[in-house]
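# Geometric and topological summary
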Amino acid sequence: MKKIFLLLGIVTTLFFASCDPSDFLDQPVQGQEELDDFFSTAEKAEAFINGIYRKVNGESWWQVNFQRQINEMATDDNWAGNTAQPRPDITGIAQYNVFAGSRYFNFLWESHYIGITRANISLDRIPGIESIEEDKKTQYIGEARFIRAFFYFDLVRNFGGVPIVTSYEEILDPSINDKVRASVEEVYAVIEQDLEVAINNLPRKSEYAADDLGRATKGAAQALLAKVYLYQEKWAQAQAMAKTVMDSGEYALEADFADLYRIGNAHGIESIFAIEFINNPTFQDIGGQFSITNGSRGDRGWGWGSPTSDLENAFLSEGDNIRLRSTIIKHGEPVFGDPAVTEFDGKPSENKSGRTNRKYYTPVGERPEPYQRGQIPGQYIHIRLADVILFHAEAAYFNGDASSARNSLKLVRDRVGLSTNMSLSGDALRDAIWKERRLEMALEQHRLYDLRRQKINGVPRIALILGPNGSFVKYNTEESTDPFETTNLLESQDSGALFDPDIHMLWPVPPREIQLSRGNITQNPGY
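Residues numbered from 1 in each chain as written. Predicted model: local features only at pLDDT ≥ 70, side-chain atom pairs only at ≥ 80, totals over all residues. Heavy atoms only, no water.

### Structural notes on the nonpolar core
One finds Phe146, Tyr152 and Ile191 to be the most contacted residues of the largest nonpolar core, which totals 116 residues. For this core, the element with the most residues is helix α7 (residues 134-159), which contributes 12 residues. Not counting chain neighbours up to four residues away, the residues in contact with Tyr152 comprise Tyr113, Ile116, Val162, Pro163, Ile164, Val165, Val187, Val190 and Ile191. (Core = buried A, V, L, I, M, F, W, Y, C linked by side-chain atoms within 4.5 Å. Buried < 20%, exposed > 50% of the residue type's maximum accessible area, 1.4 Å probe, protein only. Helix = DSSP H or I, 4+ residues; strand = E, 2+ residues; numbered from the N terminus. Contact = heavy atoms within 4.5 Å.)

### Topic: the pairing of strand β2 (residues 271-277)
The two faces of the sheet receive side chains in turn, since in a regular strand these alternate between them. Most of β2 is tucked away: seven of the seven residues are buried. Judged from the six bridges that link them, β2 and strand β6 (residues 378-384) form a sheet pairing that is antiparallel. Pairing of Glu276 across the sheet is with Gln379, part of β6. (Pairing = 2+ DSSP bridges.)

### Let's talk about the packing of aromatic side chains
The full count for this structure, using the stated rule, is 29 aromatic pairs. Between the aromatic rings of Tyr360 and Tyr380, the centroid separation amounts to 6.4 Å while the plane-to-plane angle is 20 degrees, which identifies the pairing as stacked. Of the two residues, Tyr360 is situated in the loop between β5 (355-357) and β6 and Tyr380 in strand β6; the sequence distance between them amounts to 20 residues. When its relative accessible area of 5% is taken as the criterion, Tyr360 is described as buried. When its relative accessible area of 3% is taken as the criterion, Tyr380 is described as buried. In this arrangement the basic side chain of Arg452 is found over the ring face of Trp507, its NZ or CZ atom lying 4.9 Å from the centre. (Phe/Tyr/Trp six-rings, centres within 6.5 Å; stacked < 30°, edge-to-face > 60°. Lys NZ or Arg CZ within 6 Å of the ring centre and 35° of its normal.)

### Let's talk about the layout of surface pockets
Within this model, the largest pocket holds a volume of roughly 410 Å³. What lines the largest pocket is a set of 15 residues, and nearest its centre among them are Tyr188, Tyr231, Arg452, Arg453 and Lys455. Of all the secondary structure elements, the ones that give two or more residues to the lining of the largest pocket are α7, α9 (184-201), α10 (218-231) and α18 (447-453). The leading source of residues in the lining of the largest pocket is α18, at three residues. Partitioning the lining of the largest pocket into residue classes produces eight nonpolar, two polar and five charged. Taken as a whole, the second largest pocket spans an internal volume of roughly 250 Å³. Taken together, 14 residues make up the lining of the second largest pocket; nearest its centre are Ala258, Tyr261, Arg262, Arg358 and Pro363. Broken down by class, the residue content of the lining of the second largest pocket amounts to eight nonpolar, two polar and four charged. (1 Å grid on protein atoms, 1.4 Å probe; cavity = no way out; pocket = protein on both sides within 12 Å on 5 of 7 lines; lining within 4 Å. Points joined across faces, edges and corners; volume = space filled by probe spheres on them. Nonpolar A, V, L, I, M, F, W, Y, C, P; charged D, E, K, R; others polar.)

### Some points on helix α13 (residues 309-318)
If you check which residues of α13 are buried, you get Ser309, Asp310, Leu311, Glu312, Ala314 and Phe315. On its buried side, α13 packs onto β3 (306-307), α14 (321-325), β4 (328-330), β5, α17 (426-440) and α20 (471-479). Where α13 ends, the next residue or the one after it, Gly319, has phi of about 65 degrees, a positive value.

And the structure:
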């Protein structure tokens, strides 16, 4: 992509940039002449579009990606992990002793609304630029619509209904301060509309030049729309849209699961939408973060987000060594795919589980110097084909099409050499699909949302796993004999016991946003 690394959009970083958390309603108003200059040529318009991508992962570790990492800590897949640094602002969220004013909620909200504003400006301005060819205008509008939908989807999953702003002119109108939260249904309607436009406007992945890979594509918009349908339990639409992506010929499963997160493979055959990172010491925060923030404290990392023995046991119960070795690194064991490390230092004295996320680990021989946060090559894959195949399996199951559900389940399991019981039906089939999703997508920051939306007899699964009587809490407090987790009690063994389904199905709206709106934006129940 030219190049949709985090480097892209440096020009627009100056536009709406802020180191201080600030509300989307409180952004500085830019002059007409300044905006005209940003869209005076096709090249500048493209640079502005590129700047929207910068907000997908935020412009530093703390803006967006760390909240995604905390979300993983608040599930049965991860501990908070770092027991050397008392950080109640992090562990409080992970353990459901939630402080509504946490900076990380505010950063996520702020960053996404800045991205939405950039998208809105692009959608307002690009149609009127005479120097851009019509096909490029169509593409840029599709990109802006896709990314705006992406931001709203992230917001609605985290906070529920949020204020909807779909034009830059709304920001300039004094009535912006009277904006209230739209309903969840209204937000989803905007997301669906944006994605439908994006599908019609965007090229296929195969139609982009190599330098443009990473831009939004028709397939990415279709895949995200399938996911949006799935979250709303629109099973027939989700099944059909996922199948469209599967049958497009644009994507295929990587032959080797270990290649998914191989450096340099951000836009491989399975990748549908990913952000690629590079190393360039001239610029700050253009590289990856997770190898450091997730990394072991015995391996120059910060130690946050440590995989649980419960997750490891899920792999072991399936005999799934292929995915396990590419997902979890364990103290004292070799690192799969890194011949330089035959005995990994998981620092169990400072790490709850002595385990580390392999997917975001950088092999020693591929580490730049200096090896530091914001300078690590690699990728963050937001959507990949296996994800979509499992959307299809789940939607097909709930749509009454058990045969298609089994076939899709088999596709994913075949890749890692696991057999599939093709007579599965009923709850057993549903549970097999959900378990497969846990194993396939583990530590890719989907688990919290999956547990919130998946239901058994109307009860969200997260309420069966967390809470004082949850299966994960009972495992850790009554059954586990894990030598690391049960001896390092600096992180409480009953993590998750405080989960309350009447409160914690959503995160709190940042109080700062409520204050800036003069109370027009309301808080979620329980906070």
